[in-house]
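What follows is the residue order along each chain.
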Amino acid sequence: MSSTGSSSFPRSQRLKSKKVSELVFATGLKLKAPPIIVRYLDTPLSEPVAAQVMVTVSKRNFKRAVDRNRIKRLMREAWRLQKVELENQLIADEKQRAIVFIFVASEMPNYEIVRDAMASLIQKMLPTKTAQD
RNA sequence: AAAAAAUGAGACUUCAUCGCUCCCAUACGGGAGAGGAAAGUCCGGACAACGCAGGGCACCGUACUUCUCGAAAGGAAGGCAUGUUUUACAUGACAGAUAGUGCUACAGAAAUUUAGACCGCCGAUGGCGCCUCACCGAGGCAAACAGGUAAGGUUGAAAAGGUGAGGUAAGAGCUCACCAGCGGCGAAGCGAUUCGUCGGCUCUGGUAAACCUUGCGGGUUGCAAGAUCGCAUAGACUGACAUCUGAGGGUUGCCCGCCCAAGUCAGUGGGUUGAUUGCAUAGAUAAAUGAUGAAGCGCUUCGGCGAACAGAAUCCGGCUUACCAUUUUUUUUUACAA
RNA sequence: UCCCCGAUGGUGUAAUGGUAACACACCGGUUUUUGGUGCCGUUAUUCCAGGUUCGAGUCCUGGUCGGGGAA
C-alpha cells in the first residue's frame, strides 16, 4: 500500500472487478449530493491502494458518447484533486474501500457543480467513517 | 448589392502547471496521443478460420456504353429517357412484357389465346308488311327481324396506334399521306446510340422495386475471426443403429464425388468459462487523449463565449447521413446604376 | 466490435398491392329512479422522408427510435 495520498490517479486506483462492483451495488452505503450519488463499501481490493473508484453516467440520460465522456472526465478530475484527505484517513485506519460515483441528472453540468458535489460527498464519507470507529 | 440554392475549403492557436494511456531508458529524463465525418455499417479489400481435389443445384447481388481504380453499387467522359424557369441544368434500380405464369380491385356492355354490342349508327344483302306499275317481275315506303358496325357516347388508371383524306349501307389500316412504335438493310461511331431507307401493321394495354428469363459476379463465416498458455474433466445410466455386403464421421444450405472408419449418435446428469496474443509511428480492454491559468485570434446583446455535427476499439479505400462562424466558385430572383 | 429483427387508435393484436379490421379502455348519447349491463356513435398523416405502381400499412431506398444474438 502506498504510504501517503497524492493527487495522481493511475489505473490501479480504478475499480474494475465485476465481483466487487456487484457487491458495492448490493450492500454498499449510499450518499447523495445532487447531481451525484455515491455508493461505497470497505472491502479488500486486488491492488495495494487505499481506494478504487468507478464513475458512471447513464446512457439513458446522455445519448451521445461525447457528453458521457466529458461528465466522467469531470468527475474523475474532481475526485483526483480532492481525494487526499480521505485517502490519508483510510491509510491511517489500514482499510481499503471501493467507491462508485453515479451521475443522475439529465443536464450537462459545468466543472464547479461537479467539484462542489464531490467535495460535499468526500466530507460526508469522512464523518461516517470516524463515527464507526 | 442583398437573399436563396448548390459546391469546395475550414474545424481556434501557442505557452505554463497538475494529471491520464502507451513506448524508449538502470535511473534522471525523453517521445507519441480523436475525426472530417472517428457515426451509419451501405459496398469493396486486407487479414483469419473452415472445405481435404473437383463438379452441379439452390441462394444472394448486379444490370445503357467506354475508360479508370487492387476491387466495388466508387470516379471520369459519353449516350438515352424524364422533369423544369426548355437547349442548359437536375434526376434516373435506363436488360427483357414478342419465352412463360400471375395480378389488374371498384366501376363499366366489355379488362386480354384478333376482347366487347348498353346507348348510338346502318340495315347494302336476306326475310316480314304496305303501296305503285293491268301479269312474270320491277320500283318505292315504313319498321328494325336476321344481321353489319368500334367512327361517337358512357365507366375506368388503362378500352387494342394518332391526325387528315379517300372509301362505305354504316364502318373498319379497308386504302393513302404524315407522325409514333416494331422489324430488316445501309452509313457514322471503339461502343451505348444516331441518321437514312425498305417492309408489313394478321401477331403490340400496364406491372419484372410480382414470380421469372437473359447476361455478369459471388465458396461460407467474421478480430466475440483465430492462435498460444493455464484451469477443470468422468465415468455412469437410458434408447437407437452398426461391426467390412459397413453404422457413422470429415462436410459447410443441399447433392454428387473424395477421404477416414469400429464403434457412433441422441437424451439424462455433471465440469470449465482465466490470461496472453491477434493489436498498429494514438491505441486501451469497467476502455487514455482531461482540468486550470495566461496571451493571441474570432464572435458578441460588452455579461461573456470558444462554438455546429460529434469521441477511435483489427486495419484500409469508397458511399451515405449530420454540420456553426468565416470563406471559394456557379446559378436564380429582386433592387439600383450605366 | 460484428450480425439480425421490429415500429398500425390510449393498450394488445389483424389486414393476397384495392374502403385500415377486432377486443378492451376513454369520451358522448340512449335505456334505467340512479349505477351497472345492453345498444349507438367518436377517437389513426399505419415512426419519418423519398421512389415504383392507376393505387402502398404492404414493394424498394435513406433516416429515426426500440429490441435481440455472439466465447
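So, here is what we can say about the structure in this document.

**Quick notes on helix α2 (residues 65-82)**
Along its 18 residues, α2 runs 26 Å from first to last C-alpha, staying within 8% of the 26 Å computed at 1.5 Å per residue. Along α2, the positions that sit buried rather than exposed are Asp67, Arg68, Ile71, Leu74, Met75, Ala78 and Trp79. Angularly, the buried residues of α2 cover 130° about the axis, an arc narrow enough to put them on a single face. Among the exposed residues of α2, those oriented more than 90 degrees off its buried face are Val66 and Arg73.

**Quick word on the pairing of strand β1 (residues 29-33)**
Pairing of β1 with strand β2 (residues 36-42) involves five bridges; the strand directions are antiparallel. What sits directly across from Lys30, in β2, is Arg39. Linking β1 to β2, which pair antiparallel, is a turn of two residues.

**Re helix α3 (residues 84-93)**
Along α3, the residues classified as buried are Leu86, Glu87, Leu90 and Ile91. The buried residues of α3 all sit within an arc of 135° when viewed along its axis, so they share a single face. Of the residues flanking the end of α3, it is Glu94, one or two places downstream, whose phi is positive at about 55°.

Cut-off values and rules
- Residues numbered from 1 in each chain as written.
- Chains lettered and ligands numbered in written order.
- Predicted model: local features only at pLDDT ≥ 70, side-chain atom pairs only at ≥ 80, totals over all residues.
- Heavy atoms only, no water.
- Helix = DSSP H or I, 4+ residues; strand = E, 2+ residues; numbered from the N terminus.
- Expected span 1.5 Å × (residues − 1).
- Buried < 20%, exposed > 50% of the residue type's maximum accessible area, 1.4 Å probe, protein only.
- Arc of directions from axis to C-beta.
- Pairing = 2+ DSSP bridges.

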